[in-house]
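Examination of the molecular architecture
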Amino acid sequence: MKHREILQQGEYEFIKTNEHLGKHVILLGLAGSYSYGTNVETSDIDVRGIALNRKSDLIGLTQFEQYVDENTDTVIYAFNKMVALLLSCNPNTIELLGLNPEHYLYLNDMGRLLLDHRKLFLSRRAVQSFGGYADAQLRRLQNALARDTFPQAEKERHIFNSVRNAMHDFNRRYKLFENGSVELFIDRAVNPELETEIFVNASMTHYPLRDYAGMWNTMANVVRDYEKIGKRNKKKDDLHLNKHAMHLIRLFLMALDILEKGEIHTYREKEHDLLMDIRSGKYRKEDGTFHESFYEMISEFEKRLHYAAENTDLPEEPDLEKVQELVMTLNERVVRDEIRGV
């Protein structure tokens, strides 16, 4: 099946009929492995897109941020939300602006206008956003390997370090501790099944509930990753581990393109063989750990990323005035009823 024929299938009819989508859609593209060029026979088709906010969202009382269809693995973002994500150089969304031409399933004139101005969203923020995602991928690898090989007490300390790193990253981005304090520490376990475990001392006043929930979810997710070990399917989990390793390298490659060249390249043609070797497990030892050459590769990419961050020509922040002009240009067409459908 040709890529552009995907939307002709009946299961994608919601794109035409949903009140938030239809004529408001300006861009639809492949996501995931097909967009990276790392797909295999069993790869799912993921679709990502952008739909303009409706007139009532812009000058009325309605709100729309995104539409998710789990049946088809489709996520379509509202334009205004997408702009906010693009301004932060969010890896999962910025890649939608750098697809191969044949991977755009639908693109109208307003979608092309957005692509023509993609460089407006590139800034040194990519260092933190891509670096944060890469760190999360690396932590998943470390966590998965640690829960297989570490004694319980060491495993608990590794969890603690992961939680602390996650908290550090969350605090760096959202400044969590203005209204209180959080102390994490390891002590003799209360749980009789454990030797040691993580404890927390927390004191907060007048603290936003959403920030509170987000902070605890961040820590709980790290711990939850470790606790899956007793129930996991090793063969399936190893495949996921290889994918995490592959995406770690892919994130470095995309970040370097952005910082060194000011370009977004989602499809990794030159590095295809390398990425597929990682995905197929060629960088894994018989005991399941990764070869030293893989970690040496990570070290080299980290050095390149650090150098690129220090020497990039990209601005510290996006030019918000120019971005606002673009946003107003497209949203004005909505208000004037000057848009057409998919």
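Residues numbered from 1 in each chain as written. Predicted model: local features only at pLDDT ≥ 70, side-chain atom pairs only at ≥ 80, totals over all residues. Heavy atoms only, no water.

With that settled, consider the packing of aromatic side chains. Each aromatic ring pair is summarised here by two numbers: the centre-to-centre distance and the angle between the ring planes. In total, this model carries 7 aromatic pairs according to the counting rule given. Taking the centre distance of 5.8 Å and the plane angle of 10 degrees together, the rings of Phe252 and Phe301 count as stacked. Taken together, the residues span a long stretch of sequence, with Phe252 in helix α10 (residues 234–261) and Phe301 in helix α12 (residues 292–311) at a distance of 49 residues. For Phe252, a relative accessible area of 5% gives the class buried. Cluster of aromatic residues (ring-pair linked, three or more members): Tyr283, Phe290, Phe294 and Tyr295. Above the plane of the ring of Tyr36 lies Arg250, whose end atom (NZ or CZ) is 3.7 Å from the centre. One cation-aromatic arrangement involves Arg284 over Phe290; the distance from NZ or CZ to the ring centre is 4.9 Å. (Phe/Tyr/Trp six-rings, centres within 6.5 Å; stacked < 30°, edge-to-face > 60°. Helix = DSSP H or I, 4+ residues; strand = E, 2+ residues; numbered from the N terminus. Buried < 20%, exposed > 50% of the residue type's maximum accessible area, 1.4 Å probe, protein only. Lys NZ or Arg CZ within 6 Å of the ring centre and 35° of its normal.)

Side chains of a nonpolar character, in soluble globular proteins, are inclined to be buried together. Ranked by size, the top nonpolar core spans 60 residues in total, and within it Phe79, Ile94, Phe121, Phe130, Ile249 and Phe294 carry the most contacts. Looking at which element gives the most residues to this core, the answer is α10, with 13 residues. Leave out the neighbours within four places in its chain, and Ile94 touches Leu86, Cys89, Phe121, Leu122, Phe130 and Ile264. Counting residues in hydrophobic clusters, the runner-up holds 16 residues, among them Ile6, Ile15, Leu21 and Leu28. (Core = buried A, V, L, I, M, F, W, Y, C linked by side-chain atoms within 4.5 Å. Contact = heavy atoms within 4.5 Å.)

The subject of this paragraph is helix α13 (residues 320–335). Each full turn of the α-helix corresponds to 3.6 residues, which orients residues three or four apart in the same direction. An ideal rise of 1.5 Å per residue puts 22 Å on 16 residues; α13 measures up with 22 Å between its terminal C-alpha atoms. Buried residues of α13: Val323, Leu326, Val327, Leu330, Asn331 and Val334, and no others. For α13, the angular spread of buried residues about the axis comes to 120 degrees, placing them on one side. Close packing links the buried residues of α13 with α3 (55–59), α4 (79–87) and α6 (109–116). For α13, the N-terminal capping position is held by Asp319, with its side-chain oxygen 3.2 Å away from the main-chain nitrogen of Glu321. One or two steps after α13, the chain reaches Asp337, where phi turns positive at roughly 60 degrees. (Expected span 1.5 Å × (residues − 1). Arc of directions from axis to C-beta. Polar contact = N/O pair within 3.5 Å; in protein donor to acceptor, adjacent residues only side chain to side chain.)

What follows concerns the sheet that holds strand β3 (residues 66–69). Strand order in the open sheet formed by 5 strands is β3-β4-β2-β1-β5, with mixed pairing between adjacent strands. Looking at strand neighbours, the two that pair on one side only are β3 and β5 (104–107), the edges of this open sheet. Mean inter-strand twist for the sheet, computed between neighbouring axes without regard to direction, equals 10 degrees. Packed on one face of the sheet, α4 meets β1 (25–31), β2 (46–51), β3 and β4 (74–78) and runs near 90 degrees to β4. Helix-sheet contacts for α6 involve β1, β2 and β5, and the interaxial angle to β5 is about 110 degrees. (Pairing = 2+ DSSP bridges. Axes fitted to C-alpha atoms, helices over the stretch in contact; angles between N-to-C directions.)

Across all of its chains, the model carries 16 salt bridges by this definition. Residue Glu316 is joined to Arg124 by a salt bridge in which the shortest nitrogen-to-oxygen separation is 3.5 Å. With Glu316 in the loop between α12 and α13 and Arg124 in the loop between α6 and α7 (125–149), this residue pair connects regions lying 192 residues apart in the sequence. Residues Glu332 and Arg336 are paired through a salt bridge, measuring 3.1 Å at the closest nitrogen-oxygen approach. (Salt bridge = Lys/Arg side-chain N within 4 Å of Asp/Glu carboxyl O.)

The next thing to look at is the packing of α4 against α13. Between α4 and α13, the shortest axis-to-axis distance is 11 Å and the interhelical angle comes to 160 degrees. One finds that α4 runs roughly antiparallel with respect to α13. Relative to α13, α4 is oriented so that their crossing is right-handed. On α13, the residues touching Phe79, Asn80, Val83 and Leu87 of α4 are Leu320, Val323, Val327, Leu330 and Asn331. (Parallel < 35°, antiparallel > 145°, perpendicular 65-115°, else oblique. Left-handed = near helix turned anticlockwise from the far one by under 90°.)

Turning our attention to the pairing of β3. When β3 meets β4, the two strands line up antiparallel, connected through 4 bridges. Note that in β4 the partner of Tyr67 across the bridge is Ile76. Taking the residues that link successive antiparallel strands as the turn, the β3-β4 hairpin has 4 residues, and the phi of Asp73 there is positive, at about 55 degrees.

Structurally, Thr312 can be placed in the loop between α12 and α13. When its relative accessible area of 6% is taken as the criterion, Thr312 is described as buried. Looking at Thr312, its side chain comes within polar contact range of the main-chain nitrogen of Leu314, at 3.1 Å.

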